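Spelled out from the first residue to the last, the chains are:
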Amino acid sequence: MSKKNLGIVVCAVALTACAPTAAPTPSPVPTVPQCTPLDGGAPYACTQSEHDTLAEQHALYDEAEQVLRRYRAELDRQEADWRLREMTPEFEATTTGAYRDFVEQFIEADRNDEASRIGEPAPIVWVKPLIGASRDGSVAALQFCSDASTTEYVTKENPSPFVGGTVKRTYYFVPTDGSHLKIAASDAEEVDAC
C-alpha cells in the first residue's frame, strides 16, 4: 500500500473513531391517561378503563348535541314563516315517540295561529350535558338555554310584534335505528336569564 493510501486509511479510521456516537434511546416513560370531565372541568389522571368509558360518554353527548342543533336549525328555519311549518324529514330524523307527536301538535298550532318570527332566531346561549338525568329510557340528556327576550314574533291574533322569553330546556335522547340518537322527551322552564 502506498504512503498516500495508507495516510487516507489512517485519517478515515481516526475520523470514524472521533465521530460522535448516537445517544442511547431513552426508555419510554409510561403515560398516564388524562380524563376530561363531561362538564368541562380540569383534566385529571385516570385509569385506561376510566378514560375509555369517559371517551364513550363524550362521543354520546357530542352526538346528542349534533342532533339537538340539527333539530333547532330546522325549528329556526320554520319559525321564520308559519307557511313553512310542516313535519319534515329533519324533524323525523331528530325526534321520536311522544316528542315527535308533540312537535306535530306544535306545528299544527303554529299554522293555525299563523305564528312567525321576525328577524333572526333566538340565540343559543349554552348547551351542556345533564349527567345522570334520564327519562323514558333515555341514555343522554342535554340542557339548553335560549334567550328570545329580544326576538320578535307575530300571530294572526296579535299582529303587533311581541318578544319571546328566556327558556332553559332539557332534552332527553334515546338510541333508535340501531344506535342513532333522537329526542324522545323535553322539559322547559322560563328563566330570568341564561
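A brief report on the enclosed structure follows. What you see is a predicted model, and the numbers here were worked out from it, not measured in a lab. (Residues numbered from 1 in each chain as written. Predicted model: local features only at pLDDT ≥ 70, side-chain atom pairs only at ≥ 80, totals over all residues. Heavy atoms only, no water.)

## Quick look at the pairing of strand β8 (residues 166–176)
Looking at chain direction, strand β5 (residues 140–147) and β8 are connected through 8 bridges and run antiparallel. Bridging from a neighbouring strand, Ala 141 pairs with Tyr 172 of β8. In this sheet, strand β9 (residues 180–191) lies alongside β8 in antiparallel orientation, the contact comprising 11 bridges. In the sheet register, Tyr 171 faces β9, and the bridge partner there is Ser 186. Between β8 and β9, which follow one another and run antiparallel, lie 3 residues, and Asp 177 among them has a positive phi close to 50°. (Pairing = 2+ DSSP bridges. Helix = DSSP H or I, 4+ residues; strand = E, 2+ residues; numbered from the N terminus.)

## Section: the packing of aromatic side chains
A complete count under the given rule lists 8 aromatic pairs for this structure. Geometrically, the ring pair formed by Tyr 71 and Phe 91 is tilted, given 5.6 Å between the ring centres and 55° between the ring planes. Of the two residues, Tyr 71 sits in helix α2 (residues 48–79) while Phe 91 sits in helix α3 (residues 89–94), which places them 20 residues apart along the sequence. With respect to class, Tyr 71 is no different from Phe 91; both count as buried. Put simply, the rings of Tyr 71, Phe 91, Tyr 99, Phe 102, Phe 106, Phe 144 and Tyr 171 touch in pairs and so form one group of aromatic residues. Positioned above the aromatic ring of Trp 126, the side-chain terminus of Lys 128 is 4.2 Å from the ring centre. (Phe/Tyr/Trp six-rings, centres within 6.5 Å; stacked < 30°, edge-to-face > 60°. Buried < 20%, exposed > 50% of the residue type's maximum accessible area, 1.4 Å probe, protein only. Lys NZ or Arg CZ within 6 Å of the ring centre and 35° of its normal.)

## Details of the pattern of salt bridges
In this structure the tally under the stated criterion is 10 salt bridges. A salt bridge links Asp 76 to Arg 72; its shortest N-O distance comes to 3.3 Å. Of this pair, Asp 76 and Arg 72 both sit in helix α2, 4 residues apart, which is roughly one turn of the helix. Overall, Asp 76 belongs to the buried group, its relative accessible area being 14%. A residue is classified by how much of its surface remains accessible, and Arg 72, at 10% relative accessible area, is buried. (Salt bridge = Lys/Arg side-chain N within 4 Å of Asp/Glu carboxyl O.)

## So, the sheet that holds strand β6 (residues 152–154)
On the basis of which strands lie adjacent, the open sheet formed by 3 strands has the order β3-β6-β7 and antiparallel pairing. A single partner strand is all that each edge strand has here, and the edge strands are β3 (116–118) and β7 (162–163). In this sheet, β6 lies alongside β3 in antiparallel orientation, the contact comprising 3 bridges. Opposite Ile 118, over in β6, you have Glu 152 as the bridge partner.

## As for the layout of surface pockets
By rolling a water-sized probe across the atoms, one finds the places where empty space is left. Approximately 590 Å³ is the volume found for the largest pocket. In terms of lining, the largest pocket is formed by 27 residues, of which the most central are Arg 72, Glu 79, Phe 106, Tyr 153 and Arg 169. Of all the elements in the fold, those that place two or more residues in the lining of the largest pocket are α2, α4 (97–113), β3, β5, β8 and β9. Among the elements that take part in the lining of the largest pocket, α2 stands out by supplying 5 residues, more than any other. In terms of residue class, the lining of the largest pocket is made up of 13 nonpolar, 6 polar and 8 charged. (1 Å grid on protein atoms, 1.4 Å probe; cavity = no way out; pocket = protein on both sides within 12 Å on 5 of 7 lines; lining within 4 Å. Points joined across faces, edges and corners; volume = space filled by probe spheres on them. Nonpolar A, V, L, I, M, F, W, Y, C, P; charged D, E, K, R; others polar.)

## Let's talk about the state of the cysteines
In total, this model carries 2 disulfides according to the counting rule given. Note that Cys 35 is cross-linked by a disulfide to Cys 46, the S-S spacing being 1.9 Å. The sign of the 85° torsion about the S-S bond sets the Cys 35-Cys 46 disulfide as right-handed. Taken together, the positions of Cys 35 in strand β1 (residues 34–35) and Cys 46 in the loop between β2 (44–45) and α2 put the pair 11 residues apart, joining distant regions of the chain. Here Cys 35 matches Cys 46 in class, with each residue buried. In this model Cys 145 forms its disulfide with Cys 194; the gap between the sulfur atoms is 2.0 Å. (Disulfide = S-S within 2.5 Å.)

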